[in-house]
Amino acid sequence: MPDLAQATPPDASRARRRPRRGAFFDMDKTLIAENSGSVYMKHRFAQGEIGRWQLARGLGAYLQYKLGLLDIRAWTQEVMAEFRGRPEAELLAAAHALFRRSLLPLVYPEAARLVRMHQERGDVVCIVTGATRFVVEPLAAHLGVEHMIYTRLEVSAGAMTGRVIEPICFERGKIHWLREFLIRYDGTLIVISHDRHFLNEICTHIADIDYQTIITYTGGYDDMVLAKTQIRSRIE
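A brief look at the structure comes next. (Residues numbered from 1 in each chain as written. Predicted model: local features only at pLDDT ≥ 70, side-chain atom pairs only at ≥ 80, totals over all residues. Heavy atoms only, no water.)

1. Things to note about the pairing of strand β3 (residues 147-156)
Part 1 of the reasoning: The sheet contact formed by strand β2 (residues 124-132) and β3 spans four bridges and is parallel. Residue pairing across strands places isoleucine 127 opposite methionine 148, the latter belonging to β3.
Part 2 of the reasoning: After leaving β2, the chain enters helix α7 (residues 133-143) and then returns to the sheet as β3, a path that is right-handed.
Part 3 of the reasoning: Relative to strand β4 (residues 159-165), β3 is paired through four bridges, and the arrangement is antiparallel. Looking at β4, one finds that arginine 152 is bridged to isoleucine 165.
Part 4 of the reasoning: In sequence, β3 turns back onto β4 through a hairpin of two residues, with alanine 157 there showing a positive phi of about 55 degrees. (Pairing = 2+ DSSP bridges. Helix = DSSP H or I, 4+ residues; strand = E, 2+ residues; numbered from the N terminus. Right-handed = clockwise from strand over helix to strand, strands pointing away.)

2. Concerning the nonpolar core
In globular proteins that are soluble, nonpolar side chains generally tend to be buried together.
Part 1 of the reasoning: If you look at the biggest cluster of nonpolar residues, it comprises 23 residues, and the most contacted ones within it are Met27, Leu31, Ile127, Leu139 and Leu143.
Part 2 of the reasoning: Put simply, the parts of the chain that give this core at least two residues each are β1 (22-26), α5 (88-103), α6 (109-121), β2 and α7.
Part 3 of the reasoning: The biggest single contributor to this core is α7, with five residues.
Part 4 of the reasoning: For isoleucine 127, the residues in contact, after removing those within four places along its chain, are Phe25, Met27, Leu31, Val136, Leu139, Ala140, Val145, His147, Met148 and Ile149. (Core = buried A, V, L, I, M, F, W, Y, C linked by side-chain atoms within 4.5 Å. Buried < 20%, exposed > 50% of the residue type's maximum accessible area, 1.4 Å probe, protein only. Contact = heavy atoms within 4.5 Å.)

3. Points about the packing of aromatic side chains
Two measures describe an aromatic ring pair: the distance that separates the ring centres and the angle between the ring planes.
Part 1 of the reasoning: All told, the structure shown has one aromatic pair when counted by the stated rule.
Part 2 of the reasoning: Relative to phenylalanine 181, the ring of phenylalanine 24 has its centre 5.9 Å away and its plane inclined at 90 degrees; by these criteria the two rings are edge-to-face. One end of the pair, phenylalanine 24, is in strand β1; the other, phenylalanine 181, is in helix α8 (residues 172-184), with 157 residues separating them in the sequence.
Part 3 of the reasoning: The lysine or arginine in question, arginine 152, covers the ring of tyrosine 150, its NZ or CZ lying 5.5 Å from the ring centre. (Phe/Tyr/Trp six-rings, centres within 6.5 Å; stacked < 30°, edge-to-face > 60°. Lys NZ or Arg CZ within 6 Å of the ring centre and 35° of its normal.)

4. Topic: the packing of helix α2 (residues 36-46) against helix α3 (residues 52-66)
Part 1 of the reasoning: Between α2 and α3, the shortest axis-to-axis distance is 10 Å and the interhelical angle comes to 175 degrees. Between α2 and α3, the interaxial angle falls into the category roughly antiparallel. Residues Ser38, Met41, Lys42 and Phe45 of α2 touch α3, and the partners they reach there are Arg52, Gln54, Leu55, Gly58, Leu59 and Tyr62.
Part 2 of the reasoning: Partitioning the contact of α2 with α3 into residue classes produces five nonpolar, three polar and two charged. (Axes fitted to C-alpha atoms, helices over the stretch in contact; angles between N-to-C directions. Parallel < 35°, antiparallel > 145°, perpendicular 65-115°, else oblique. Nonpolar A, V, L, I, M, F, W, Y, C, P; charged D, E, K, R; others polar.)

5. Description of the layout of surface pockets
Part 1 of the reasoning: Each pocket or cavity is described by its volume, and for the largest pocket that value is around 1,100 Å³.
Part 2 of the reasoning: Surrounding the largest pocket, 45 residues form its lining, Asn35, Ser36, Gly37, Gly130 and Ala131 being those nearest its centre.
Part 3 of the reasoning: Elements that contribute at least two residues to the lining of the largest pocket include exactly α2, α3, α4 (72-81), α5, β2, α7 and β3.
Part 4 of the reasoning: Here the lining of the largest pocket takes seven residues from α2, the largest share from any one element.
Part 5 of the reasoning: For the lining of the largest pocket, a count of residues per class yields 24 nonpolar, twelve polar and nine charged. (1 Å grid on protein atoms, 1.4 Å probe; cavity = no way out; pocket = protein on both sides within 12 Å on 5 of 7 lines; lining within 4 Å. Points joined across faces, edges and corners; volume = space filled by probe spheres on them.)

In structure tokens:
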């Protein structure tokens, strides 16, 4: 039994002080080889939960999505309404069964190796997806990934209400939930981004690199712009 009170080896101490990087992975066509929504619709059809018409509508919606024609928000709300009253635990158990049967064979071996590489380095690994917890959680458990950003569904007294917690995790909504994740992260973050709204909401300091000089400003992006403007005015 190791003595937990003994002095920490120097190498381990240095490893703890090493900055941790963040590795954010999309799910569909990145960690797995197919669109998880299409796989799920085919599974429901095979289980007799939906008919041919609903399957065709689901696959048609995926085609519209690929063409940029689908109203993702409206479609997600419509689909999730079907689960109103279903026990959350029941859906989660079914999701793990679906993963073992249909999604596990679709996991890219190269992606799994890349995830393990980041984990072995001590990086913060997170899966970011527009899918729901029921799809991403089994995959995260398989890969040993702790953090997930996904479309959230409302639960009351252990049962699904059929409502989506806005915004859905898609486009600007994905940035919203990523921002929430970063705000809650306990540590210092170094972010490189061209999205001024994103920087305004999560940054406490901005490092401006200009002509091989780094100047640090307190606040978000707009605070930096204002401070630079004031400095130029004083110089002029």
